[in-house]
Amino acid sequence: LKVGIDGVNKENLNSLKELLKQIGVHSIFDYKYEDNSKEFKRNAEPTSQNLVKFSNFIKTNKLDIGLAVDPDVDRLSIIDERGNSIGEEFTLILCADYILKQQKGSFVVNNSSSLLNKKIAEKNRVDFYQTKVGESNVLDKMLKENSLIGGEGNGGVIIPDINRCRDALLASSI
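Here is what the cut-offs are and how they apply
- Residues numbered from 1 in each chain as written.
- Predicted model: local features only at pLDDT ≥ 70, side-chain atom pairs only at ≥ 80, totals over all residues.
- Heavy atoms only, no water.
- Helix = DSSP H or I, 4+ residues; strand = E, 2+ residues; numbered from the N terminus.
- Rg over C-alpha atoms; globule rule 2.2 N^0.38 Å.
- Buried < 20%, exposed > 50% of the residue type's maximum accessible area, 1.4 Å probe, protein only.
- Areas by Shrake-Rupley, 256 points an atom, 1.4 Å probe, with all protein chains shown as cover.
- Lys, Arg positive; Asp, Glu negative; His and termini not counted.
- Charge placed at Lys NZ, Arg CZ, Asp CG, Glu CD.
- Salt bridge = Lys/Arg side-chain N within 4 Å of Asp/Glu carboxyl O.

1. As for the overall build of the protein
Each helix and strand counted, the protein has 6 helices and 8 strands in total. For the protein, the α and β elements follow one another from N to C terminus as β-α-β-α-β-β-α-β-α-β-α-β-β-α. Taking 2.2 N^0.38 as the reference for a compact globule, 174 residues should give roughly 16 Å; the C-alpha atoms of the protein span a radius of gyration of 16 Å, in line with that estimate. Across its three principal axes, the protein shows a C-alpha extent of roughly 45 × 30 × 30 Å. Of all 174 residues assigned to the protein, the portion counted as buried reaches 51%. With the model as given, the accessible surface of the protein reaches about 8800 Å², and the carbon-plus-sulfur share is 47%. Across the protein, 24 positive and 25 negative side-chain charges occur, with their mean positions spaced 4 Å apart.

The structure is reproduced here in structure tokens:
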């Protein structure tokens, strides 16, 4: 698996690289900005419009996947092998589908997240809950329902048994 990573700055790039190495990914390609400084070299949000150069990097280098995070590493955006930005909204959908296939447990999202999340819950035959917008609202409901996974459609994935907040490194490992 050839993985491209965009950490928006040097520290995040190094954290993401180290995590991927620890879970067995050996072909890691850093998307380094011109001077590789600690400064943000793109708009901080990992949205499609801010990842155009990174998407081209994935396509040009024939990588299998690209992973981009925001500065506080709580949101993950995925780029496919053709350089297409899958978009932050699909990060939670993909992670939840994978996790819920492995283990059953309820699933919580905020009410501004895609209804595809509900379809994933139905497909995996688990309870599905929606909350008001806000990470704390999602987490409160997750704890109340003893949920396995939850998050927000902005690329934020929460697995409370591991970390009780959105965590892009955790999502990258899924």
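2. Some thoughts on the pattern of salt bridges
Applying the stated criterion across every chain yields a total of 12 salt bridges. The residue R82 makes a salt bridge to D80 at a minimum N-O spacing of 3.3 Å. Take D80: its relative accessible area is 12%, and that puts it in the buried class. Measuring nitrogen to oxygen at the nearest pair gives 3.3 Å for the salt bridge that ties R166 to E135. Here the residue R166 occupies a position in the loop between β8 (156-158) and α6 (168-173), and E135 occupies one in helix α5 (residues 135-145), the gap between them amounting to 31 residues. You can call R166 buried: its relative accessible area is 15%. Given a relative accessible area of 24%, E135 falls into the partly exposed group. Through salt bridges that share partners, D74, E135, E152 and R166 make up one connected network.

Keep in mind these values describe shape, not function.
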